[in-house]
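Working through the structure, step by step
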Amino acid sequence: MRNLVILGGDGIGLIAADIAETIGSHKVIGFLNDTKEVGQSIGRFKRYPVLGKTSEVGTFLQDQSVDIYVAMVGMTNEEAVYNKIEQFKIPQDRRPTLIHPAAYFNSEMTRIGNGTLMAAYSQLSPDVELKENAILLGNSFVGHNSVVGEHSHIATNAVVGGYITVGKFCHIGSNCTIRERVKIGDFVLIGAGSVVISDCDRASIHAGNPARFLRASS
């Protein structure tokens, strides 16, 4: 069993820890977190130690028994957070793919990149591609012939229709529906419960039913 260090905090970080321990792929040894100090912990019930700041990831990469899961989901300054992650230069073969046993997909009919997380009851239709480090939370669905970009995050109960392209480092909020053949640009945020029926330009925020452009994202 390999060791796992998680970059980030609770939320996605704890979901990653749960899946890693459920499937028995890793022992979670702690978190790198930029808002808590060493000696503090992540988690209310099961507690994981904070080992340092995210900038210290290189130190942990020197240990060949350690993999790194990136749970940094930017809801503000998306492009800056993405660039920060890229600067860490974490090799893809050190980013584990974490798939809950209750997730559904056909491995011969889909393509899943390294570092992807699929929570319980997330589902992929045939001919779906998840780029590296994509995140699908519980009960989310991606329809046939769609592509979800690297580090993009499909939240709980969201439905992504067929022939859709989601760019990199996007957030599709809980209970969203995206109509077929829509294109979502890089660094886009879609508010919870939105119904998206038209394309969303790069670095923008949309919400509502139907979803409307609110403003450029920071």
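Structure report, in brief. (Residues numbered from 1 in each chain as written. Predicted model: local features only at pLDDT ≥ 70, side-chain atom pairs only at ≥ 80, totals over all residues. Heavy atoms only, no water.)

**Describing the sheet that holds strand β19 (residues 183–184)**
The criterion, for reference: The criterion for strand pairing is that DSSP finds at least two bridges linking the strands in question. Helix and strand definitions here come from DSSP, where helices need a minimum of 4 consecutive H or I residues and strands a minimum of 2 consecutive E residues; each element is numbered from the N-terminal end.
Here we have five strands laid out as an open sheet, ordered β7-β10-β13-β16-β19, and parallel in their pairing. The sheet is open, and its two edges are formed by β7 (110–112) and β19, each paired on a single side. Bridge analysis of β7 against strand β10 (residues 128–130) gives three bridges, and the strand direction is parallel. Directly across from Thr110, in β10, lies its bridge partner Val128.

**Quick look at the environment of Thr116**
As a reminder of what qualifies: Note on definitions: a residue-residue contact is assigned when non-hydrogen atoms from the two residues lie within 4.5 Å. Pairs of N or O atoms within 3.5 Å make up the polar contacts considered here, provided that, within protein, one atom can donate a hydrogen while the other can accept it, and that residues adjacent in sequence are counted only when both atoms are side-chain atoms.
Residue placement: Thr116 occurs in the loop between β7 and β8 (117–118). Along the backbone, Thr116 and Thr59 are 57 residues apart, and their C-alpha atoms lie at a distance of 23 Å. Non-local contacts of Thr116, meaning those with residues more than four positions away in its chain, are made with Pro96, Thr97, Leu98, Leu130, Lys131, Asn133 and Ala134. A polar atom in the side chain of Thr116 sits 3.4 Å from the backbone oxygen of Lys131.

**A look at empty space enclosed by the protein**
Put simply, the rule is: With a 1 Å grid laid over protein atoms only, a set of points is called a cavity when a 1.4 Å probe fits there but cannot get out and a pocket when it is open yet has protein on both sides within 12 Å along at least five of seven lines; lining residues have an atom within 4 Å of a point. Grid points are joined across faces, edges and corners, and a volume is the space filled by probe spheres set on the points. Note that Gly is not counted as nonpolar here; it falls among the polar residues with everything else outside the nonpolar set of Ala, Val, Leu, Ile, Met, Phe, Trp, Tyr, Cys and Pro and the charged set of Asp, Glu, Lys and Arg.
Throughout the structure, instances matching the rule amount to one cavity of 30 Å³ or more. Each pocket or cavity is described by its volume, and for the largest cavity that value is around 60 Å³. Residue lining of the largest cavity: eleven residues in total, with Met72, Val73, His151, His153 and Phe169 positioned closest to the centre. Among the residues forming the lining of the largest cavity, the class breakdown is six nonpolar, five polar and no charged.

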